Amino acid sequence: VTLLEQNPRWRLVPRGQAVNLRCILKNSQYPWMSWYQQDLQKQLQWLFTLRSPGDKEVKSLPGADYLATRVTDTELRLQVANMSQGRTLYCTCSAIPGQGHTEVFFGKGTRLTVV
Amino acid sequence: GDSVTQKQGQVTLSEDDFLFINCTYSTTTYPTLLWYVQYLGQGPQLLLKVTTANNKGISRGFEATYDKGTTSFHLQKASVQESDSAVYFCALVGGYQNFYFGKGTSLTVIP
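Fair warning: this is a prediction, and the values are worked out from it, not measured in the lab.

Peer 1: Looking at this structure, I do not really get the interface of chain A and chain B. What am I missing?
Peer 2: Across the contact, 18 residues belong to chain A and 17 residues belong to chain B. Applying the counting rule to chain A against chain B returns zero salt bridges. Linking chain A to chain B there are five residue pairs in polar contact (both at pLDDT 80 or more). Only β4 (32–38), β5 (44–50) and β10 (104–106) of chain A provide two or more residues apiece to the side of chain A that touches chain B. With three residues, β4 of chain A is the single largest residue contributor to the side of chain A that touches chain B.

In structure tokens, the structure reads:
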């Protein structure tokens, strides 16, 4: 059963251009939605957890700037800007602590390549 | 603070070899420790979860345990197959339900 729908699956990003990613939650049992990045060396890093519609956060990391928005109960967005190195962004979902399995479920990921 | 360390970056084995991957953790809360597996082109997926020290988690031929005394946890499999080739991540669920992932161990099994 697919819990998360992530698109696009991959994107070529011209240097200096921003890209917008979208993630749709398919199962309300796991309402905490997050973004993780995975670099070219496969290292996974948590970026954000946005719990409620209207939540918005920004973060700058080596190689990219991020703006994450929880649009609705089922939609999470991520804008990636100033990307200098390729990476894969994963949308994840998890249960509210104490209300379900202690586990984070990953989407299929969006692979970004700088051109 | 909460953290997890996974030092083995790459492991190459032959089919039917024994697999052992080790991680250490640090946390001030009661730990929940997990192992994720990532096959080529896919997102990570949960392989095993261990919530009680010295108890085994078992799935798909893999076993996981953790040792509270040495704050270490490990993943093992008695006889690996080519289809086990993947990246394996250890993870700690720390305070505020934040997940901390190790750097990953890339396993290649040669037929």
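Peer 1: Sorry if this is basic, but what is going on with the nonpolar core here?
Peer 2: Among soluble globular proteins, nonpolar side chains are generally buried collectively. Membership of the largest hydrophobic core comes to 28 residues, with the highest contact counts inside it found for Trp-35, Tyr-66, Leu-78, Val-80 and Leu-89 of chain A. Looking at this core, the elements that each hand over two or more residues are β3 (19–25), β4, β5, β7 (64–70), β8 (75–81), β9 (87–94) and β11 (110–114) of chain A. Per element, the largest residue contribution to this core is four residues, and it comes from β3 of chain A. In contact with Tyr-66 of chain A, not counting residues within four places along its chain, are Gln-37, Leu-47, Phe-48, Glu-57, Val-58, Lys-59, Leu-61, Leu-78, Gln-79, Val-80, Arg-87 and Leu-89 of chain A. Counting residues in hydrophobic clusters, the runner-up holds 26 residues, among them Val-11, Leu-19, Leu-48 and Tyr-88 of chain B.

Peer 1: What is the right way to look at the layout of surface pockets in this model?
Peer 2: If a probe the size of a water molecule is rolled over the atoms, the empty space left behind becomes visible. The space that makes up the largest pocket amounts to roughly 510 Å³. In terms of lining, the largest pocket is formed by 25 residues, of which the most central are Lys-42, Thr-88, Tyr-90 and Arg-111 of chain A together with Gly-41 of chain B. In terms of residue count, β11 of chain A provides more of the lining of the largest pocket than any other element does, four residues in total. Estimated volume of the second largest pocket: approximately 280 Å³. The wall of the second largest pocket is formed by 16 residues, among which Val-1, Leu-3, Phe-105, Phe-106 and Gly-107 of chain A lie closest to the centre. Here the element with the most residues in the lining of the second largest pocket is β10 of chain A; it accounts for three residues.

Peer 1: Could you clarify how one ought to interpret the sheet that holds β3 of chain A in this entry?
Peer 2: Strand-to-strand pairing in sheets goes through backbone hydrogen bonds, with the strands running parallel or antiparallel. Residue and element names in this part refer to chain A. Reading across the sheet, the five strands line up as β1-β3-β8-β7-β6 and stay open at both edges, with antiparallel pairing between neighbours. Of all the strands in the sheet, the pair left with one neighbour each is β1 (4–7) and β6 (56–61). With direction set aside, neighbouring strand axes in the sheet form an average angle of 15°.

Peer 1: Please clarify how the sheet that holds strand β3 (residues 19–26) of chain B should be interpreted in this entry.
Peer 2: All names here are of chain B. Spatial ordering of the open sheet is given by β1-β3-β8-β7-β6, a layout of five strands whose pairing is antiparallel. The two strands at the open ends of the sheet, each matched to only one other strand, are β1 (3–6) and β6 (57–59). If you compare each strand with its neighbour and ignore which way they point, the axes differ by 20° on average. In terms of strand pairing, β6 meets strand β7 (residues 62–67) through three bridges, oriented antiparallel. If you follow Ser-59 over to β7, its bridge partner there is Phe-62.

Peer 1: Looking at this model, I keep getting lost on a nonpolar patch on the surface. Mind explaining?
Peer 2: All names here are of chain A. Among the surface-exposed residues, Trp-10, Leu-12 and Val-115 lie close enough to one another that they form a single nonpolar patch of about 360 Å² accessible area. Looking at where Val-115 falls in the secondary structure, it is placed in the segment after β11. A residue is classified by how much of its surface remains accessible, and Val-115, at 54% relative accessible area, is exposed.

Peer 1: Where do I start with the pattern of salt bridges in this structure?
Peer 2: Working definition: two side chains of opposite charge can pair if their charged atoms are close together. All names here are of chain A. The tally for this structure, following the rule as stated, stands at four salt bridges over all chains. For the salt bridge of Glu-5 with Lys-26, the shortest nitrogen-to-oxygen distance reads 3.2 Å. A residue pair is termed long-range when its members are at least 10 positions apart, and Glu-5 in strand β1 and Lys-26 in the loop between β3 and β4 qualify at 21 residues. Here Lys-26 falls in the partly exposed class, since its relative accessible area comes to 48%.

Procedures and definitions
Residues numbered from 1 in each chain as written. Chains lettered and ligands numbered in written order. Predicted model: local features only at pLDDT ≥ 70, side-chain atom pairs only at ≥ 80, totals over all residues. Heavy atoms only, no water. Contact = heavy atoms within 4.5 Å. Salt bridge = Lys/Arg side-chain N within 4 Å of Asp/Glu carboxyl O. Polar contact = N/O pair within 3.5 Å; in protein donor to acceptor, adjacent residues only side chain to side chain. Helix = DSSP H or I, 4+ residues; strand = E, 2+ residues; numbered from the N terminus. Core = buried A, V, L, I, M, F, W, Y, C linked by side-chain atoms within 4.5 Å. Buried < 20%, exposed > 50% of the residue type's maximum accessible area, 1.4 Å probe, protein only. 1 Å grid on protein atoms, 1.4 Å probe; cavity = no way out; pocket = protein on both sides within 12 Å on 5 of 7 lines; lining within 4 Å. Points joined across faces, edges and corners; volume = space filled by probe spheres on them. Pairing = 2+ DSSP bridges. Axes fitted to C-alpha atoms, helices over the stretch in contact; angles between N-to-C directions. Patch = residues over 30% accessible without salt bridge, like charges linked within 9 Å, V, L, I, M, F, W, Y side chains within 5 Å. Areas by Shrake-Rupley, 256 points an atom, 1.4 Å probe, with all protein chains shown as cover.

Remember that the coordinates give geometry; whether it matters functionally is a separate question.
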